[in-house]
Protein chains: 2
Amino acid sequence: MASADKYDIVIVGAGPVGLMLSTCLARWGYKIKHIDNRPEPTATGRADGIQPRSLDLLRNMGLKRAIMAHHPAKVYEVAFWDPAAGNQGIHRTGTWASCPKFIDARYPFTTLLHQGHIEQAFIGDMETNGTSVQRPWTITDFENDGHDPTYPVSVTIQHVDGEQKGKETVRAKYLFSGEGARSFIRERLGVKMDFGDPISNVWGVMDGVVRTNFPDIKMKCTIHSDAGSIMVIPREDNMVRLYIQIASSTDPDFNPRKTATEKEVQEKAKQILKPYYLEWDSVEWYSVYPIGQGIASKYTLDERVFLGGDCCHTHSPKAGQGMNTAFLDAANLAWKIHHVESDFSPRSILSTYEPERKSVAQNLLSFDAKYAKLFSTRPPTAGEIGSAHQASELEENDFVKTFKAGCEFTSGYGVAYGSNVFNWCPSHSAKSHLFLRHPEATTLRTGRILIPSTVTRVADANEVHLEQEIPLNGSYRIYIFGGKPYRDSSNAPSSSVRALQSLAQYLAHPKSFYQRFSFLPSHRVSHHEPHNVHSAFFSICTIFSLPRPRIAERRSTLLGAGNLFASYRDHIYADDVPDIRVPESLADGAVGAAHAKMGFGDDGGVVVVRPDGYVGCVVKLVEGSGTGEALEEYFKAFTTDGKAQLRPNL
Amino acid sequence: MASADKYDIVIVGAGPVGLMLSTCLARWGYKIKHIDNRPEPTATGRADGIQPRSLDLLRNMGLKRAIMAHHPAKVYEVAFWDPAAGNQGIHRTGTWASCPKFIDARYPFTTLLHQGHIEQAFIGDMETNGTSVQRPWTITDFENDGHDPTYPVSVTIQHVDGEQKGKETVRAKYLFSGEGARSFIRERLGVKMDFGDPISNVWGVMDGVVRTNFPDIKMKCTIHSDAGSIMVIPREDNMVRLYIQIASSTDPDFNPRKTATEKEVQEKAKQILKPYYLEWDSVEWYSVYPIGQGIASKYTLDERVFLGGDCCHTHSPKAGQGMNTAFLDAANLAWKIHHVESDFSPRSILSTYEPERKSVAQNLLSFDAKYAKLFSTRPPTAGEIGSAHQASELEENDFVKTFKAGCEFTSGYGVAYGSNVFNWCPSHSAKSHLFLRHPEATTLRTGRILIPSTVTRVADANEVHLEQEIPLNGSYRIYIFGGKPYRDSSNAPSSSVRALQSLAQYLAHPKSFYQRFSFLPSHRVSHHEPHNVHSAFFSICTIFSLPRPRIAERRSTLLGAGNLFASYRDHIYADDVPDIRVPESLADGAVGAAHAKMGFGDDGGVVVVRPDGYVGCVVKLVEGSGTGEALEEYFKAFTTDGKAQLRPNL
């Protein structure tokens, strides 16, 4: 169908949002025209921290190792420095984990690395899937003219040095703007940026190698002093990034055109850091830029032309959110486009992109506004508030309180999608009484990330991270927690084993949602395909509260001949790994830590996770057809009647 | 001094032992001529598993990530399969961890990867340090003629296709044979292979991708059946390696020239695996080879020409020991040559290479002999021994018993170097009463690996693996466990803080062993050098039983102005991470898990670890000069009077 000038999607901009979208769609076999107006990937500067949640996502895509190979700095804690009493310069008033223990994170740190290295990991992956970025090219025109119903969008692109160096007009199913704050596409669509309670700032940012006796130079620090405020962020290769606020609209004499030279900023940093010394060995990058807070009023007008990343939300860099939000914008959109284009879901699901991602951006902006305002305000010293307490016992100031309250958000685990067709809640069209609600019946919350857990893979006895066992393959992930198969010494299988067999039978029925989207016999996958055994849209993991050797021994009882779950040979797990967060699991021979973390008891339960890692629904595991019917109702809300039977591109 | 034809060392053979030696010495700045008679690195086959201990070592060299990037198979458990009663084929009689929990291993699994990938990680690292392998070249002559006292060894090498394609005669300080079992150098030296109680075997080995319903195909398995014995080893890329014993000298009709075709071996494997089916999708490599058990009587004659790896010890491949033993041969020799050549140690320390490594090889051979003999013996079935027990309750047969007993050995943690100048024992020349003995006063054993522990690095609050914090840099690693600095609520520093200060003062004295080998002022290192702050031969880590924020707050008390340990800014640690092996550390706010693992209490202690990771001595930390004097005595046993002041090559 597609000829040389027809593409599934045209992606404009090869920053984090464009690269994430391109990488996902390239893996799933889509034909992509990806352009960027820069001649090369980012060479210096511009890095943001990779949040704990984003690192989960990158690992799920198999990109974490390529990023870690560059030895990024890891931020586990943030130190707060404030003015010391009596003009003694600054002193540390406390520290706080960047991802505190109340957040159950697999990687409880922020990863700091030059953005070019991060981009390269994506570009390399795209290239193995036949997609590359055409540089330096720019978009000059586009229209959803509908002349071709399958490829309704016409897009004109050309070389940045003028059309004599190259110009193309192509047709596409979709057009995506990952152009950043100054988006041609957004402007052309007439989508306004909303500035609710705008805080604008002028920032200086400097990357370099320094010499100092400041003890926290390898920590993330927020420093308030009588000479101004600064944020210190460690980087790879012994570098440190300093963010210096040069002007803020909260200043009485605010001037958004205020600027500062490299030398002036260094001088200011030296003043702020007193009584410690600070000298530069080298400066890798320096920039001054004004930033206003804004959010796009719409992320799409026609569900053909979409916006994402900085093009939709701009804010101060300090909370380290730009790249992370961009990644998740793209990850959210990618599988929805995939499911529509492969006829698994109706076109209407594309309408969930904007509300899911815009609410996240709104939360980000209100956090950022509060944080940015406080950051530029010098807090009182202990002396000034007349306290005789020691520094560590000081009342926490508002800045620290805001920071701590924001940890879930800044780690990326605060993202919570509201209820809709994907994220079950009582008003969902699926009404079975078997859906389990938070917090009464499960610790899992729909629209939130799956809680991490460590289990033993039965096939090879490897200890693995269950939440990572299914890669970002565009499939729904169905986790069947099979509970405790043996509850007394009789060796008689428990009701949860029978419930699991009921569910397997239900899913094996030709009319079930699971079979409706299975591969045609002629498209059967390789004997060695571990994840998409029957369908491109579902992957299943089964977990038993039993030591691994017992599962191996009892396999034919637990997953008897013809049991559908048994076909996922690499996705049967023993919940037999002790977890420090589940004290009872530390006893010798104890099992069930992963079940306990999900809030499941001996009866187990079923968790459906969206292709992007967020929990869709949680269902009770019961004997009979109830569990299967509940899942059927749930999937009915967003699947077609058609028989999508996509052949895997793996 | 060195001209074009003079080298610090000529290394012959680019298998595991030669590459490890070359990589270490290249990092430390030595000039190396490295040749191999193969035109390319290993393309297929020949892999051995990387033991848990070897993975520690590879990580310590920064090579682990490059190896893991190839997604090797990881073996956590071994399954035992034996003949089932009544000619029913085989059945699983049990499983056992390949590195059981009684061994405190950071990576409790064996890593299986094609040897070429492993070699490439070394070759890449060598190249960044200016050393490459000259191929396909071979050695034709050598002599320790002493014509040049600095470069006493003359070596002639030439292209394998004859001298018209290239021939060189060079002079070297050392010559090393990593040639493998058929060593020209060993032969020429007249070093005999000893065959104590020789078992020889003919083995078939086959790497390929299979289809099977055998449930443990992704596990390591030892299978005994009426049709013969086989070992299954999972590999990367869905491959599996099968080792099939074709003949053994324990057979009544043993013929060492017996062979078998690929088809015959496949047919035999199919018979052994019944009642399961087994088909090959592809075969990557197949080979039949006879192996005799042997050990070189000498590893060196003159401490100028050395042998290592398969050239010194040959045995069956089944215990997966060849490559691992080779790595450790080279790692043992490398730092000793480095210390002699940089004038830190007298030439006499080279005499410790042979006894340390030969005793390991002897243990390996006696384990292998026992294991190989049992492997080829079909154990009785449950029926045959008239037992009514279930399979899992069967008395363990001798094979399983030997396997379990050998776990410490096969994981690599069984290597225990005997007492000598480096490995303190009561007969050592250092007689201070402050040396702590195992098991009364410390859990650490000299000549054994440092026990792993997880701590928080104070500088950046990163959770790190203490045993990995100092890379393989040729330095002694001095770990100062500072104990509990505050023992009551008074905030008065405890005696261990004063003891630590005493030791810092001792080491700061210009005549101390530590200062004698410090850099000349003109050779001072970079401000950012973390490991070799004062000397190329020592790196120091200091660990306190105190939460990290408290150490940061109290730093000036704990490591006051001018304290020598404070100069290691990146090597101050908080022992505040809970450890599942130290139950009391799991309580909220508990500290001291790492101290407890070493067997230290509130008073701490000092551990000296050799450059290759093995414990040299453990000393009590006391106020006054005693601790420093004990270390002085210890180092005096193997250091020169000279002022070795090597400039770091980093």
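Residues numbered from 1 in each chain as written. Chains lettered and ligands numbered in written order. Predicted model: local features only at pLDDT ≥ 70, side-chain atom pairs only at ≥ 80, totals over all residues. Heavy atoms only, no water.

Quick word on the overall build of chain A
Rule in force here: The helix and strand labels rest on DSSP assignments: H or I over at least four residues marks a helix, E over at least two residues marks a strand, and numbering proceeds from the N terminus. What the globule rule says is 2.2 Å times the number of residues to the power 0.38, and the radius of gyration is computed from C-alpha atoms. Burial here depends on accessible area, computed with a 1.4 Å probe over protein chains only, as a share of the maximum for the residue type. Under 20% is buried, over 50% is exposed, and the range in between is partly exposed. In this analysis, two residues are considered to be in contact whenever any of their non-hydrogen atoms come within 4.5 Å of each other. Here the accessible surface of atoms and residues is derived via Shrake-Rupley with a 1.4 Å probe, and residues count as covered only by protein chains that are part of the display. In summary, the charge assignment counts Lys and Arg as positive and Asp and Glu as negative, without counting His or the chain termini. Just so you know, the charge point we use is NZ for Lys, CZ for Arg, CG for Asp and CD for Glu.
Each helix and strand counted, chain A has 15 helices and 27 strands in total. Whereas a compact globule of 650 residues would reach a radius of gyration of roughly 26 Å, chain A reaches 26 Å, a difference of no more than 12%. Across the 650 residues of chain A, 62% fall into the buried class. Taking all contacts inside chain A whose residues are at least 6 apart in sequence as the whole, residues at least 24 apart take part in 73%. Counting every atom, chain A has about 24000 Å² of accessible surface; 49% of that belongs to carbon and sulfur. Of the charged side chains in chain A, 70 are positive and 73 negative, and the gap between their average positions amounts to 3 Å.

Here's the deal with the domain arrangement of chain A
All names here are of chain A. This is how it is decided: Throughout, the edges of the domains are those of an automatic or database domain assignment. Here the quantity called buried area is the accessible surface, traced with a 1.4 Å probe, that two parts lose on coming together, added over both. The term salt bridge refers to a pairing of a side-chain nitrogen on Lys or Arg with a carboxyl oxygen on Asp or Glu at a separation within 4 Å. Identification of polar contacts relies on pairs of N or O atoms within 3.5 Å, with a donor-acceptor requirement for protein atoms, meaning one able to donate a hydrogen and the other able to accept it, and with residues adjacent in sequence counted only if both atoms are side-chain atoms. Only Asp, Glu, Lys and Arg are considered charged, only Ala, Val, Leu, Ile, Met, Phe, Trp, Tyr, Cys and Pro nonpolar, and every remaining residue, Gly among them, polar.
Split by domain assignment, chain A resolves into domain 1 (6-66 + 113-193 + 294-354), domain 2 (200-291 + 379-409) and domain 3 (454-636). Placing the centre of domain 1 and that of domain 2 at their C-alpha centroids yields a distance of 33 Å. Taken residue by residue, the interface counts 14 residues in domain 1 and 15 residues in domain 2. The junction of domain 1 with domain 2 conceals about 1100 Å² of combined surface from both sides, 59% of it contributed by carbon and sulfur atoms. On inspection of domain 1 and its partner domain 2, the count reaches zero salt bridges. The interface formed by domain 1 and domain 2 holds one residue pair in polar contact (both at pLDDT 80 or more) in total. The residue inventory of the side of domain 1 that touches domain 2, partitioned by class, reads three nonpolar, eight polar and three charged.

Looking at the pattern of salt bridges
Scanning the model with the defined rule gives 78 salt bridges over all chains in all. Put simply, A:Glu623 and A:Arg498 hold a salt bridge, and the shortest N to O gap is 3.1 Å. Placement of the pair is A:Glu623 in the loop between strand E27 (615-619) and helix H15 (626-636) and A:Arg498 in helix H11 (residues 495-508), with a sequence separation of 125 residues. Since its relative accessible area comes to 39%, A:Arg498 is described here as partly exposed. A salt bridge links B:Glu236 to B:Arg235; the shortest N-O distance between them is 3.1 Å. Like B:Glu236, the residue B:Arg235 is buried in the burial classification. Through salt bridges with shared partners, a single network forms among A:Asp8, A:Lys173, A:Glu341 and A:Arg347.

Focus: the relation of the copies chain B and chain A
We count it as follows: C-alpha atoms of residues with pLDDT of at least 70 in both copies form the basis for the least-squares superposition of the copies.
In the superposition of chain B on chain A (RMSD 0.0 Å, axial shift 0.0 Å), the rotation amounts to 180 degrees. This pairing of chains is accounted for by a two-fold axis. A high fraction, 100%, of the interface residues of chain B reappear at the interface in chain A, so the copies pair face to face through one surface.

Looking at the sheet that holds strand E17 (residues 278-292) of chain B
All names here are of chain B. Going by this rule: Note on pairing: two strands pair once DSSP finds at least 2 bridges between them. Fitted lines through C-alpha atoms serve as axes, helices being fitted only where they are in contact, and the angles separating the N-to-C directions of these axes extend from 0 to 180 degrees.
An order of E6-E5-E14-E15-E16-E13-E17 is seen for the seven strands of this open sheet, with the pairing classed as mixed. Single-partner strands in this sheet number two, and they are strand E6 (90-97) and E17. The average undirected angle you get between the axes of adjacent strands in this sheet is 20 degrees. Bridging between strand E13 (residues 200-212) and E17 involves 13 bridges; their strand directions are antiparallel. Residue pairing for E17: Val-205 is matched across the bridge by Ser-287. Seen against the sheet, helix H6 (residues 262-273) touches E6, E13, strand E14 (220-225), strand E15 (228-234), strand E16 (239-248) and E17 and runs at an angle of roughly 105 degrees to E17. Along the sheet, helix H9 (residues 398-405) contacts strand E5 (77-83), E6 and E14; its crossing angle with E5, the most-contacted strand, is approximately 170 degrees.

So, the nonpolar core
Here is the rule we go by: Put simply, a nonpolar core is a bunch of buried Ala, Val, Leu, Ile, Met, Phe, Trp, Tyr and Cys residues held in one set by side-chain atoms that sit within 4.5 Å of each other.
Ranked by internal contacts, the top residues of the largest apolar core, which has 179 residues, are B:Leu175, B:Ile223, B:Tyr476, B:Phe538, B:Phe565 and B:Tyr634. If you tally residues by element for this core, the top one is helix H7 (residues 322-341) of chain B, at 11 residues. Those residues in contact with B:Tyr634 that lie beyond four places of it in its chain are B:Val421, B:Phe422, B:His428, B:Ala430, B:Phe435, B:Tyr476, B:Val608, B:Gly616 and B:Cys617. Formed by 178 residues, the second largest nonpolar core is a distinct cluster that contains A:Met61, A:Leu273, A:Tyr371 and A:Phe513.

Brief notes about the interface of chain B and chain A
Across the boundary between the two partners, chain B contributes 38 residues, which contact 38 residues of chain A. For the pairing of chain B and chain A, the buried interface totals around 3200 Å² over both sides, and the portion due to carbon and sulfur atoms is 49%. At the boundary of chain B and chain A, one finds four salt bridges. Between the two partners, chain B and chain A, sit 12 residue pairs in polar contact (both at pLDDT 80 or more). Of all elements in the fold, only helix H3 (64-68), E6, E13 and helix H13 (548-558) of chain B reach the threshold of two or more residues within the side of chain B that touches chain A. Grouping the amino acids of the side of chain B that touches chain A by side-chain chemistry returns 16 nonpolar, eight polar and 14 charged.

Considering the pairing of E16(B)
Residues and elements named next belong to chain B. Of all 10 residues making up E16, 10 are buried, and the element is well covered by its neighbours. Inspection of the sheet shows E13 paired to E16 by nine bridges, in the antiparallel sense. Counterpart to Val-209 in the pairing with E16 is Met-239. Bridge analysis of E15 against E16 gives five bridges, and the strand direction is antiparallel. Paired with Ile-230 across the two strands is Ile-244, which belongs to E16.

Some remarks on the sheet that holds strand E4 (residues 73-75) of chain B
Ordered by their spatial adjacency, three strands build an open sheet running E3-E7-E4 (chain B), and the pairing between neighbours is antiparallel. Among the strands making up the open sheet, the edge pair consists of strand E3 (49-50) and E4 of chain B.

Looking at unusual backbone geometry
For residues that are not glycine, phi is negative in most cases, and the peptide bond is trans in most cases. Cis peptide bonds are those with omega within 30 degrees of zero, and the linkage from B:Arg135 to B:Pro136 qualifies with -25 degrees. Residue placement: B:Pro136 occurs in the loop between strand E8 (133-134) and strand E9 (137-144). With an omega of 15 degrees, the peptide bond running from B:Lys274 to B:Pro275 counts as cis. Tracing the chain through its elements places B:Pro275 in the loop between H6 and E17. A positive phi angle, close to 55 degrees, is found at A:Asn87, a residue other than glycine. Looking at the element boundaries, A:Asn87 is found in the loop between strand E5 (77-83) and strand E6 (90-97). Note on A:Asn87: relative accessible area 71%, which makes it exposed.

Looking at the side chain of A:Glu467
Residues and elements named next belong to chain A. Within the secondary structure, Glu-467 is located in the loop between strand E22 (463-465) and strand E23 (476-481). What makes Glu-467 buried here is its relative accessible area of 11%. A polar side-chain atom of Glu-467 sits 3.2 Å from the main-chain amide nitrogen of Ser-453. With near-sequence residues (within four places) excluded, Glu-467 lies in contact with Asn-60, Arg-106, Leu-450, Pro-452, Ser-453, Arg-477 and Tyr-479.

Here we look at the confidence of the model for chain A
Rule in force here: One number per residue, pLDDT, summarises how confident the predictor is, and it ranges from 0 to 100.
Per-chain confidence: chain A averages 90 in pLDDT, with 93% of residues scoring 70 or above. Taken as a whole, residues 386-394 of chain A scores under 50 in pLDDT and shows 10 contacts with residues more than four places along the chain or in a different chain.

Notes on the environment of A:Glu584
Residues and elements named next belong to chain A. Tracing the chain through its elements places Glu-584 in the loop between strand E25 (572-574) and helix H14 (593-598). Taking the relative accessible area as the measure of exposure, Glu-584 reaches 56% and is therefore exposed. Along the sequence, Glu-584 and Val-17 sit 567 residues apart, while their C-alpha atoms lie 42 Å from each other.

Topic: the environment of B:Pro275
Residue and element names in this part refer to chain B. Judged by its relative accessible area of 54%, Pro-275 falls in the exposed class. C-alpha separation for the pair Pro-275 and Asn-87, spaced 188 residues apart in sequence, amounts to 9.9 Å. The contacts of Pro-275, once residues within four sequence positions are left out, are Gln-88, Gly-89 and Ile-90.

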